[in-house]
Amino acid sequence: MKKLIITSALALVITTMSVFAQDKNFKLSTEKPVAGEQIGVTYNPKGTVLAGKKNITATVYQFCDYQWQKNDITLEKKDSVWYASYRLPQNASFVAFKFKSGKLTDIGQNMAYGWMLFGKDGKNVPGSYAGWAFLRNPSVPELFPDFTKDKLLIGDDVVVYWMEQQLRYAPSSKRDIFYPHLKVLKKVNPEQAKKAALKDIATMKNLPDLTVKELNNIKRVYAEVLENSTSADSMAKVIAAIDSNAIKSKNAEKLAAVKLMGAERDYKKLLPMTISFLERFPMDQADRAFDQANRIDYAKFYSSIAIIASVEKDSVTFKKYVAQTPFLSLANIFYKCMQVPYVSLKTFTAAEAYVYARPMMSRLLQFNDLKPDGFMDVYMGNAGVYADILMHLHKDEQALGFAGAAQQKYEYGNAPLNEVSSVLLERTGQKDKLQLVLERSMKKNQVTPLMLEMLKKNYIALHQSEAGYEAYLASLKDVTLDAALESKVKKSMIKQSLPEFSVKSNRGGKMVKLSDLKGKVVVLDFWASWCAPCKAAFPGMNMAVEKYKNDKDVVFYFVDTQEKMKDYEAYVTKYLKDHNFDFNVLFDADAKFSKSFGVGPIPHKMVIDKNGSLRFSEVGYMGSPSELVDEISMMVELARKGD
C-alpha cells in the first residue's frame with residue numbers, strides 16, 4: 001500500500017482550517033470534496049473503541065473507476081485529536097476511512113466514515129452512489145471491500161435505491177453499473193430485474209466501443225439475471241473472438257487498408273472502400289488495443305460513409321450505416337448532413353433533408369437511455385433544426401416537441417429557433433404560449449422580422465389600435481442587454497482613413513465612388529453568393545435598411561465580393577427578388593475593392609462617417625436579426641455624431 005506522510009507543519013495548518021461536521025468523531029475540511037484535490041481529515045476517537053489509544057493509523061478506501069483501492073495514511077496527534085492531509089485520487093468518486101489501533105478498528109458509530117466526491121461543477125462524481133452502496137453490501141462480492149463484515153450493513157433494497165439515483169443523475173454510468181444493479185435488483189424484484197435486463201442489454205449492444213469487461217457483464221446478466229445459458233454462451237464466443245489470434249492476424253492487413261483510405265482523395269472511390277473495410281473488419285470484432293495504438297477510429301469511418309452517401313443522395317446506403325453508427329459519429333453527421341445542406345447552403349429542401357434527418361434522429365434517440373457524455377448537447381443542439389424541417393412538412397405536433405427540447409438549451413437565445421417555436425404555436429392555436437415565446441425572445445433580443453409581425457398583430461388584436469405599440473415593444477427589451485451591446489459598440493469604434501473606390505452598382509450599372517458619398521453615413525456589407533452566414537444576416541440588415549430608408553444622410557451598399565460563379569450578377573438579382581430584399585449592390589467579384597479596404601473573411605460590415613473615415617469594422621454574424629439591427633443602428637448614430 002502507498003504511504004502518505006504528513007508533515008507537522010501541515011498538521012498545524014489543518015487545525016486552523018474551517019471544517020464541516022458530518023460526525024462528531026470524523027470531519028473533512030470541506031462539505032464538497034473535489035476529486036484530485038487536497039483535503040484535511042480530522043478524527044476524534046472520544047467515545048469510540050479507540051479512545052485513549054496512543055497509536056492510531058488510518059486506511060482510506062477509494063472507489064476509483066468502479067474498483068476499490070486502499071491507501072494507508074499517517075495521522076498526527078494534537079491534544080486528543082488526530083489529523084491528516086490527504087490528496088483525493090483524480091479518478092475517485094467515493095472515499096471511506098477506517099481508523100485502527102492494534103486489532104481494534106473504528107469505521108463509524110451510526111454511519112460509516114464515508115464521503116461522496118464532487119466534480120468542479122459541484123455535482124456528484126458518477127460512481128459515488130455505487131461506492132456508498134457497495135461499501136456496505138456484499139451482494140456483489142467483487143464490489144464489496146473488506147471495510148466491514150457485520151457492522152453498518154445496508155439491505156439490497158437500499159442498494160437498488162442508490163443505483164437508481166446514480167442512473168438518474170448520471171445515465172452514462174449504466175455501462176459501469178448495469179450488471180451489479182441488475183444482480184441486486186433480482187434479489188429484490190426478480191420480474192422487474194428481467195424486464196430491465198432485456199432493455200439494458202439492448203442499450204449496451206448499441207454502444208460501439210464495448211470493453212471486454214462490459215461484454216463479460218452482458219454475459220453475466222444473461223446467465224445470472226435472465227438465466228439464459230444459450231445467450232450467455234453466445235456472448236462468451238463473441239468475447240473469445242475479439243481476443244482471438246484470427247482477428248489479431250488481420251491487424252497488418254487492416255492497418256494497410258486504413259492507410260489506403262487515408263490516401264484516397266476521390267470521395268466517390270472512398271465510399272466503397274470504407275464500406276468494404278467495415279465488412280472485412282467489423283467494429284464489434286476489432287482488436288481494440290491495436291486500434292487505439294494505431295489511431296484507428298471507427299466513428300470516422302461511419303461518418304465518412306454517411307456524409308458521402310448524403311452528398312450522392314444515396315439514401316439507402318445512408319440509412320443502413322447510420323442505423324449502425326456509433327454515438328461519437330453523430331455530432332459530425334448531423335452537422336455535415338443536416339446543418340450544412342439545409343441551414344447553411346440551403347441545397348436541401350425540408351422534404352429532402354427529412355430523408356436524412358429522420359434516421360439520424362432515430363439513431364440518436366437509441367442512446368437516450370444511456371445518455372453517453374455529450375448526448376444532451378448533440379440532441380438539443382440539433383433538435384431545433386429538426387423541428388424546422390418537421391415544421392415545413394407540417395408535422396407540427398412532433399416539431400413542437402423537438403423545438404421545446406432545443407429551447408432547454410438555448411432558452412430563447414436563438415432567433416431561428418424562436419421563429420420556429422412561434423410559427424408552430426400560432427399554427428396550433430396556442431395563443432398564450434405564443435405570446436410568452438415572443439416576449440421572452442424580445443427580452444433576449446433574439447427576434448426575426450416575422451416574429452415582430454406577430455407581436456404587432458397580437459398587440460393590435462388586443463388593443464384594437466396600433467397606438468402605443470412602439471412603447472410596448474421597447475418595454476419588452478432587457479435594458480442591461482442594450483447597455484452591454486452599446487458598450488461593446490462604443491469600444492469597437494475606430495477612426496481610419498480609407499482609399500477611394502469606384503464600383504459598379506446593380507442599379508443601372510451606375511459607378512459608386514466614396515468621394516461622392518461625403519456628408520453621408522455609409523454602411524457597407526461585404527458578402528458573397530456562396531457565404532451562408534452572409535445571407536443569414538440579410539433579414540436583420542433589411543430591417544436596418546427599412547429603418548433608415550427615409551433618412552437621406554444614411555446609405556447602405558451590399559458589396560458582392562470574392563465571387564466564384566460566372567453568372568453571379570444574374571444570381572444576385574434573382575436571389576434578392578426571391579427574398580424581397582431591395583438592396584443596393586456593388587459588384588466586386590475580383591475582390592479588388594474589398595482587399596483595398598482590408599476585408600478578408602466575410603460577412604464583414606463597415607460603417608463610414610460623413611467625412612469618409614472608417615468608424616466601425618466588424619466580421620461575422622451572431623444569428624439574431626433584431627440584435628443586428630440594434631448594433632447597426634448604434635454604429636450609424638455614433639458615426640453620425642463623429643468625434
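Anyway, here's the lowdown on the structure attached to this text.

### Focus: the layout of surface pockets
Right, on to step 1. Taken as a whole, the second largest pocket encloses approximately 840 Å³ of empty space.
Right, on to step 2. In terms of lining residues, the second largest pocket is bounded by 36 residues, among which P126, A170, S172, S173 and D373 are the most central.
Right, on to step 3. For the lining of the second largest pocket, the elements supplying multiple residues, two or more each, are β9 (92-101), α2 (128-134), α3 (156-169), α4 (174-188), α14 (327-344) and α16 (375-392).
Right, on to step 4. Counting residues per element, the lining of the second largest pocket draws most heavily on α16, which supplies three residues.
Right, on to step 5. In terms of residue class, the lining of the second largest pocket is built from 17 nonpolar, nine polar and 10 charged.

### A few points about the packing of α4 against helix α6 (residues 212-225)
Right, on to step 1. Orientation of α4 relative to α6, taken along the N-to-C sense of each, is 15 degrees, at an axis distance of 9 Å. Here α6 runs roughly parallel to α4, going by the angle between their axes. The two elements α4 and α6 cross, and the hand of that crossing is left-handed. Of the residues in α6, those in contact with R175, F178, Y179, L182, K183 and K186 of α4 are E214, N217, I218, R220, V221, E224 and V225.

### What to know about the state of the cysteines
Right, on to step 1. For the structure shown, the criterion picks out one disulfide.
Right, on to step 2. The disulfide partner of C531 is C534, and the gap between their sulfur atoms is 2.2 Å. Note on the C531 and C534 pair: the S-S dihedral is about 80 degrees, so by sign convention the disulfide is right-handed. Judged on exposure class, the residue C531 and its partner C534 are both buried.

### Focus: the environment of R175
Right, on to step 1. Assignment of secondary structure puts R175 in helix α4.
Right, on to step 2. Along the backbone, R175 and N55 are 120 residues apart, and their C-alpha atoms lie at a distance of 43 Å.

### Considering the pairing of strand β16 (residues 585-588)
Right, on to step 1. On β16, burial covers both faces: V585 and F587 on one face and L586 and D588 on the other are all buried.
Right, on to step 2. Note: strand β12 (residues 502-505) against β16, two bridges, orientation antiparallel. Note on β16: the bridge partner recorded for K504 is F587.
Right, on to step 3. As paired elements, strand β15 (residues 554-561) and β16 share four bridges and run parallel to each other. What sits directly across from D560, in β16, is F587.

### What about the pattern of salt bridges?
Side-chain pairs of opposite charge can arise whenever the charged atoms involved come near each other.
Right, on to step 1. Scanning the model with the defined rule gives 27 salt bridges in all.
Right, on to step 2. Here K70 makes a salt bridge to D146, at a shortest N to O gap of 3.1 Å. Of the two residues, K70 is situated in strand β6 (residues 67-73) and D146 in the loop between α2 and α3; the sequence distance between them amounts to 76 residues.
Right, on to step 3. A relative accessible area of 29% places K70 in the partly exposed class.
Right, on to step 4. Relative accessible area serves as the criterion here: at 45%, D146 is assigned to the partly exposed category.
Right, on to step 5. D377 is paired through a salt bridge with K409; the nearest N and O atoms lie 3.8 Å apart. Of the two residues, D377 sits in helix α16 while K409 sits in helix α17 (residues 396-410), which places them 32 residues apart along the sequence.
Right, on to step 6. Classification of D377 as exposed rests on a relative accessible area of 52%.

### Description of the environment of G47
Right, on to step 1. You can see G47 is positioned in the loop between β4 (38-43) and β5 (57-64).
Right, on to step 2. Judged by its relative accessible area of 67%, G47 is exposed.

### Thoughts on the pairing of strand β17 (residues 604-608)
Right, on to step 1. Taken across its five residues, β17 has five buried, putting it largely inside the fold.
Right, on to step 2. Side chains H604, M606 and I608 project from β17 onto one buried face, and the interleaved K605 and V607 project onto a second face that is buried too.
Right, on to step 3. The sheet contact formed by strand β14 (residues 521-527) and β17 spans five bridges and is antiparallel. What sits directly across from V522, in β17, is I608.
Right, on to step 4. In this structure, the hairpin formed by β17 and strand β18 (residues 614-619) is closed by a connection of five residues, where G612 is found at a positive phi of approximately 90 degrees.

### Quick look at the side chain of D396
Right, on to step 1. With respect to the helices, strands and loops of the structure, D396 is situated in helix α17.
Right, on to step 2. On the basis of relative accessible area, D396 is assigned to the buried category, the value being 14%.
Right, on to step 3. What D396 contacts, discounting residues up to four positions off in sequence, is M391, L424, R427 and T428.

### What about the packing of helix α5 (residues 190-205) against α6?
Right, on to step 1. Two elements in contact, α5 and α6, have axes whose closest approach is 11 Å; the angle formed by their N-to-C orientations is 155 degrees. Judged by the inter-axis angle, α5 sits roughly antiparallel to α6. Viewed along their axes, α5 and α6 form a crossing whose handedness is left-handed. Where α5 approaches α6, its residues A193, K194, A197, I201, M204 and K205 are matched on the opposing element by E214, I218, V221, Y222 and V225.
Right, on to step 2. Class assignment of the residues belonging to the contact of α5 with α6 gives a composition of eight nonpolar, no polar and three charged.

### Digging into helix α9 (residues 251-263)
Right, on to step 1. In a regular helix each residue adds 1.5 Å, so 13 residues correspond to 18 Å; α9 covers 19 Å between its end C-alpha atoms and thus fits that length.
Right, on to step 2. Contact partners of the buried residues in α9: α8 (245-248), α10 (267-280), α11 (288-293) and α12 (298-311).

### Comments concerning the nonpolar core
Right, on to step 1. In this structure, M360, L524, F556 and F597 are the most contacted members of the largest nonpolar core, which totals 163 residues.
Right, on to step 2. Top element by residues in this core is α16. It accounts for 11 residues.
Right, on to step 3. Contact partners of F556, with chain neighbours within four places excluded, come to V523, M541, A544, V545, Y548, N584 and I632.
Right, on to step 4. Of all hydrophobic cores here, the second largest spans 25 residues; its members include L50, I56, Y86 and V125.

Definitions and cut-offs
- Residues numbered from 1 in each chain as written.
- Predicted model: local features only at pLDDT ≥ 70, side-chain atom pairs only at ≥ 80, totals over all residues.
- Heavy atoms only, no water.
- 1 Å grid on protein atoms, 1.4 Å probe; cavity = no way out; pocket = protein on both sides within 12 Å on 5 of 7 lines; lining within 4 Å.
- Points joined across faces, edges and corners; volume = space filled by probe spheres on them.
- Helix = DSSP H or I, 4+ residues; strand = E, 2+ residues; numbered from the N terminus.
- Nonpolar A, V, L, I, M, F, W, Y, C, P; charged D, E, K, R; others polar.
- Axes fitted to C-alpha atoms, helices over the stretch in contact; angles between N-to-C directions.
- Parallel < 35°, antiparallel > 145°, perpendicular 65-115°, else oblique.
- Left-handed = near helix turned anticlockwise from the far one by under 90°.
- Contact = heavy atoms within 4.5 Å.
- Disulfide = S-S within 2.5 Å.
- Buried < 20%, exposed > 50% of the residue type's maximum accessible area, 1.4 Å probe, protein only.
- Pairing = 2+ DSSP bridges.
- Salt bridge = Lys/Arg side-chain N within 4 Å of Asp/Glu carboxyl O.
- Expected span 1.5 Å × (residues − 1).
- Core = buried A, V, L, I, M, F, W, Y, C linked by side-chain atoms within 4.5 Å.

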